[in-house]
Amino acid sequence: MQSGQPQFEQEMVVEAEISSLSVAASPRSGGADQDHIQALVEVRVPLPPVLVHRPTMRVIDGVHRLRAAQLRGDEKIPVTYFDGSESDAFVLAVESNVAHGLPLSMADRKQAAGRIITTHPHWSDRMIATTTGLSPGVVSEIRRRAAGGNLIEGSRIGQDGRVRPVNIAAGRVLASKLIQENPGLSLRQIAREAQISPETARDVRNRLHRGEDPLPKPRVRARPRPEAVVPATPAERARTEPPAVTSDGGAIRRSRIAERVAAVDRLKSDPALRFSDTGRTLLRLFNFLTLAGAEWQAIIDSVPPHCKGTVTSLARECAGVWEEIAARMDYEVTA
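Just so it is clear, the model here is predicted, and its values are computed rather than measured.

Parameters and conventions
Residues numbered from 1 in each chain as written. Predicted model: local features only at pLDDT ≥ 70, side-chain atom pairs only at ≥ 80, totals over all residues. Heavy atoms only, no water. Salt bridge = Lys/Arg side-chain N within 4 Å of Asp/Glu carboxyl O. Helix = DSSP H or I, 4+ residues; strand = E, 2+ residues; numbered from the N terminus. Buried < 20%, exposed > 50% of the residue type's maximum accessible area, 1.4 Å probe, protein only. Axes fitted to C-alpha atoms, helices over the stretch in contact; angles between N-to-C directions. Parallel < 35°, antiparallel > 145°, perpendicular 65-115°, else oblique. Left-handed = near helix turned anticlockwise from the far one by under 90°. Contact = heavy atoms within 4.5 Å. Nonpolar A, V, L, I, M, F, W, Y, C, P; charged D, E, K, R; others polar. Pairing = 2+ DSSP bridges. Patch = residues over 30% accessible without salt bridge, like charges linked within 9 Å, V, L, I, M, F, W, Y side chains within 5 Å. Areas by Shrake-Rupley, 256 points an atom, 1.4 Å probe, with all protein chains shown as cover. Phe/Tyr/Trp six-rings, centres within 6.5 Å; stacked < 30°, edge-to-face > 60°. Lys NZ or Arg CZ within 6 Å of the ring centre and 35° of its normal.

**A word on the pattern of salt bridges**
Counted under the stated rule, the structure contains 12 salt bridges. The residue Asp83 makes a salt bridge to Arg54 at a minimum N-O spacing of 2.5 Å. Linking Asp83 in the loop between strand E4 (76-82) and helix H3 (86-99) with Arg54 in the loop between strand E2 (50-53) and strand E3 (58-61), this pair joins segments that are 29 residues apart in sequence. On the accessibility criterion, Asp83 (43% relative accessible area) is partly exposed. Salt bridges sharing common partners tie together Arg172, Asp203, Arg207, Arg210 and Glu212.

As structure tokens, then:
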């Protein structure tokens, strides 16, 4: 779990009376999936314990396992308790349903993000995004709408547990004043006083030495080039209405993203993958396939210029690794 998020101790698993548990206030608005419950009923290996909020006896994670146990006629079920606040219990419920199990719908994730913004207003957009399975840009927009356009100034807690100002420009200005007034201050002292990172403090000092403004000028994005039209296969044309071929290929990309999301969702609902460590690792690796084009563009835009070369190299390395995995899987399937 990310730093700054609710923590709970993995106590010894105990058995609790099923009749004592509640399933209220779930982040899943559509309720339990009956097909998935039936699949769990037929699983012959022990399932992971249900996570329960001890003060309210509400199930945080494991409603489908609970329903399956009820169908089997069980009176007790293994549980692990969480003793934090109700707001932290909700965060844990959302995070659990994003990390494994049947994924929350986009609407449920956005609704959860709005609730977490209210209960944890000092969490950063990126931290809430990681918890809810959304992009930081989407969380930022939800926060902006919730605030009526008037965002709270001050500081927020990041994924690394550090507190940083919302308005980094104010920190840079303060750092420049500190440097001018006392050139002998260390970068850590400047960073601590201005509530910025040491690297940002270094950048401000270097800018002042070069006679530049401490605030970097906004980068002007180049106009994106139109993407090439990708011809649709007959099968895609038959499945897509209206026809998939458009002037920019957007309908085709949306169709393919939808197909990938559906394929990943099917894998996530398979108990053989969900309830093994290696299976859950594979499912987490496949989460990136569910990102839309706008979310990828937001990620690309967030990469600082000095990191782009490394990210580009690693992206190509990742492509090569997946090609090798695909080749090995093909061999095992055809062998």
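**A word on the packing of helix H4 (residues 106-119) against helix H5 (residues 125-132)**
Relative placement of two packed helices is described by the angle separating their axes and the distance separating the axes. Contact geometry for H4 and H5: axes closest at 10 Å, N-to-C directions at 140 degrees. As summarised for this structure, H4 and H5 are arranged oblique, according to the angle between their axes. For the pair H4 and H5, the crossing hand works out as right-handed. For the pair formed by H4 and H5, the contact residues are Arg109, Ala112, Ala113, Ile116 and Ile117 on the first element and Ile128, Thr131 and Thr132 on the second. Considered class by class, the residues forming the contact of H4 with H5 number 5 nonpolar, 2 polar and 1 charged.

**Notes on the pairing of E3**
Sheet topology note: the E2/E3 ladder contains 3 bridges and is antiparallel. Opposite Val52, over in E3, you have Val59 as the bridge partner. A loop of 4 residues connects E2 with E3, the two strands running antiparallel in sequence, and Met57 in this loop sits at a positive phi of about 60 degrees.

**With respect to a nonpolar patch on the surface**
Among the surface-exposed residues, Phe288, Trp296, Ile299 and Ile300 lie close enough to one another that they form a single nonpolar patch of about 340 Å² accessible area. Of note, Trp296 is situated in helix H14 (residues 293-302). Looking at Trp296, the relative accessible area reads 35%, which means it is partly exposed.

**Regarding the packing of aromatic side chains**
Scanning all chains against the criterion turns up 1 aromatic pair. Ring centres of Phe286 and Trp322 lie 5.5 Å apart, and the angle between their planes is 25 degrees; on these two criteria the pair is classed as stacked. You can see Phe286 sitting in helix H13 (residues 277-286) and its partner Trp322 sitting in helix H15 (residues 305-334), a full 36 residues away along the chain. On the basis of relative accessible area, Trp322 is assigned to the partly exposed category, the value being 27%. The positively charged end of Arg115 is found above the aromatic ring belonging to Phe90, 3.8 Å away from the centroid.

**Details of H5**
Summarising burial for H5: 6 of the 8 residues are buried, a large majority. Looking only at H5, the buried set comprises Asp125, Met127, Ile128, Ala129, Thr131 and Thr132. Where H5 ends, the next residue or the one after it, Gly133, has phi of about 75 degrees, a positive value.

Nothing here speaks to function; it is geometry throughout.
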